[in-house]
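Listed here are the chains, written in short residue letters.
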Amino acid sequence: MALRMAFAGVGYIARVHAKAAKAIEDVDLVAAVNHRNETLDAFADEFGIPRRYTRIEDMLADGDVDAVIVSTPNYLHAPQTIAALEAGVHVMVEKPMAMNAPEAEEMVEAGERSGALLMVAHCWRFDREVLWLKEQVDAGRIGRIVRTTGYGVHVHWGPGGWFTEKRFAGGGSLADMGIHAIDTARFLLGDPEPVSVYARVGTYFGDYDVDDTDVMIIQWDNGAFSYIESGWWQPHSDGPEAATRLFGTEGYGSVLPTLLELPNRKEKRVEVVESGFRFPREDHGDQRMYDEQMRYFVESVRIGRKPVPGGDEGLVNMRIVDAAYESARTNRVVEIKT
Ligand SMILES: NC(=O)c1ccc[n+]([C@@H]2O[C@H](COP(=O)([O-])OP(=O)(O)OC[C@H]3O[C@@H](n4cnc5c(N)ncnc54)[C@H](O)[C@@H]3O)[C@@H](O)[C@H]2O)c1
């Protein structure tokens, strides 16, 4: 039987997800939820979605939905996800999965109670270049990774609307963009647990109550540490969104551009291993990555596999984000207890 999929939120990223879902055989796009009727109808018409609702509760009460993609502003992620999970509907929720870690914990618990699956759309785990580098790391080519640097920076650009209001977004560029860099570093490191975070954040480029300029250092329990920069409207970035550099005992690995540099100390030369991916990309936020992510979610639902990245990975990221804000506020290193 076809998997019956619904969408909560019909904005920018919901269209990317709908395109991805539409391309999968045996997935029917059955329902969409949005508080504004005009955008709801435009989205539903474009993707041929018959059932339309302004409240997720009404959709869930009507039933006949197997999975929902939650792509609303961050403050709606927890309530919509929990409502769906409690109705036995599988969820893929956008990043950041919640406004903060306590909300994320409630979402994980709701998933555990209901048995429905919870995936968090940390999309860079499905990117071909990130996966190429992960393979090299797993094969031991750069040895033990001792530190990483990573970027989640918008240069000469920043979002507007709800993204810049704390009550809707939870946080600014750190929660919005820093989380991509955090998750990509953690994935490439093999998902270690965070031990502590030190961060500085500020607001310099707009009149809003969230941050647009952030740096942090995360200490991981495997001994490695990650330096992360995030921001909006920055004058420069040393890498595009999710660019991550790995410094290993046997060499250097980078994604975006994607390559290895392996030193031969005896011969005093460095072998550069090219991945074959062109840099910069034509389209940085490549639809293919989202297609792969959607395929993985649909397959997880079909075979009953707990998705990774799921609630557990999303929650770790939220704990890091919360700790970074606390560190910046208190000017201290903040320990993360799990
Ligand atoms: N993984 C990625 O690459 C990526 C990219 C963009 C956005 N995102 C995430 O996706 C989510 C949505 O971002 P977006 O860029 O699509 O935003 P958007 O503003 O384009 O879309 C948000 C949608 O939610 C709806 N909405 C707003 N307020 C609402 C309310 N009170 N009740 C119900 N619906 C409401 C809007 O009408 C719109 O349909 C965010 O969490 C964002 O962080 C992820």
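Model, not experiment: these values are computed from the prediction.

Draft legend 1. Spatial organisation of the domain arrangement of the protein chain. With domains assigned, the protein chain is organised as domain 1 (3-122 + 290-307) and domain 2 (125-281 + 317-335). When contributions to the side of domain 1 that touches domain 2 are tallied by element, the ones reaching two or more residues are helix H5 (101-114) and helix H9 (287-303). Residue contributions to the side of domain 1 that touches domain 2 peak at three residues, all from H9. Counted by class, the side of domain 1 that touches domain 2 contains nine nonpolar, four polar and two charged residues.

Draft legend 2. How the structure looks around helix H1 (residues 12-22). Listed in full, the buried residues belonging to H1 are Ala-14, Val-16, His-17, Ala-18, Ala-20 and Ala-21. Along its buried surface, H1 packs onto strand E1 (3-8), strand E2 (27-33), helix H2 (37-47), strand E4 (67-70) and H9.

Draft legend 3. Layout of the environment of Ala-169. Within the secondary structure, Ala-169 sits in helix H7 (residues 166-169). By C-beta crowding, Ala-169 is classed as buried, having 23 other C-beta atoms within 10 Å. Ala-169 sits 70 residues away from Met-99 along the chain, and the two C-alpha atoms are 6.6 Å apart.

Draft legend 4. A look at the site of the ligand. Close to the ligand lie 22 residues; Gly-9, Gly-11, Tyr-12, His-35 and Glu-94 are nearest. Per element, the largest residue contribution to the shell around the ligand is three residues, and it comes from H1.

Draft legend 5. Spatial organisation of helix H6 (residues 128-138). Within H6 the residues assigned to the buried category are Glu-129, Val-130, Leu-133, Gln-136 and Val-137. Buried residues of H6, viewed axially, fall in a sector of 120°; they line one side. Structural note: H6 exposes Glu-135 and Asp-138 on the side pointing more than 90 degrees away from its buried face. Of the residues flanking the end of H6, it is Gly-140, one or two places downstream, whose phi is positive at about 80°.

Draft legend 6. Geometry of the nonpolar core. Of all hydrophobic cores here, the largest spans 103 residues; its most connected members are Ala-6, Ala-32, Val-68, Val-91 and Ala-324. Residue-level mapping places this core at the junction of two domains, with at least three residues from each of domain 1 (3-122 + 290-307) and domain 2 (125-281 + 317-335). Excluding residues that lie within four positions of it along the chain, Val-68 makes contacts with Ala-6, Ala-8, Ala-84, Val-89 and Val-91.

Draft legend 7. Representation of the sheet that holds E2. Taken together, six strands build an open sheet; the order of strands is E3-E2-E1-E4-E5-E6 and the sheet is parallel. Taken across any chain shown, the strands that pair with only one partner, and hence form the sheet edges, are strand E3 (51-53) and strand E6 (118-121). When the angles between neighbouring strand axes are averaged without regard to direction, this sheet yields 20°. Across four bridges, E4 lies against strand E5 (residues 90-94) in parallel orientation. In the sheet register, Val-70 faces E5, and the bridge partner there is Val-93.

Draft legend 8. A look at the packing of H6 against helix H8 (residues 173-188). For the pair H6 and H8, interaxial distance at closest approach is 9 Å and the crossing angle is 35°. Across the interface between the two elements, Val-130, Leu-133, Lys-134 and Val-137 of H6 pack against Thr-184, Phe-187 and Leu-188 of H8. Its residues assigned to classes, the contact of H6 with H8 comprises five nonpolar, one polar and one charged.

Draft legend 9. Layout of the packing of H1 against H9. Put simply, H1 and H9 touch, their axes get as near as 9 Å, and they point 60° apart. The orientation of H1 with respect to H9, classified from their angle, is oblique. Handedness of the crossing formed by H1 with H9: right-handed. Residue-level contacts link Val-16, His-17, Lys-19, Ala-20 and Ala-21 of H1 to Gln-287, Tyr-290, Asp-291 and Met-294 of H9. Residues belonging to the contact of H1 with H9 are distributed by class as follows: five nonpolar, two polar and two charged.

Reading the values: rules and limits
Residues numbered from 1 in each chain as written. Predicted model: local features only at pLDDT ≥ 70, side-chain atom pairs only at ≥ 80, totals over all residues. Domains from an automatic or database assignment. Helix = DSSP H or I, 4+ residues; strand = E, 2+ residues; numbered from the N terminus. Nonpolar A, V, L, I, M, F, W, Y, C, P; charged D, E, K, R; others polar. Buried ≥ 20, exposed ≤ 12 C-beta atoms within 10 Å, placed from the backbone. Contact = placed C-beta atoms within 7 Å. Near = placed C-beta within 6 Å. Arc of directions from axis to C-beta. Core = buried A, V, L, I, M, F, W, Y, C linked by C-beta atoms within 7 Å. Pairing = 2+ DSSP bridges. Axes fitted to C-alpha atoms, helices over the stretch in contact; angles between N-to-C directions. Parallel < 35°, antiparallel > 145°, perpendicular 65-115°, else oblique. Left-handed = near helix turned anticlockwise from the far one by under 90°.

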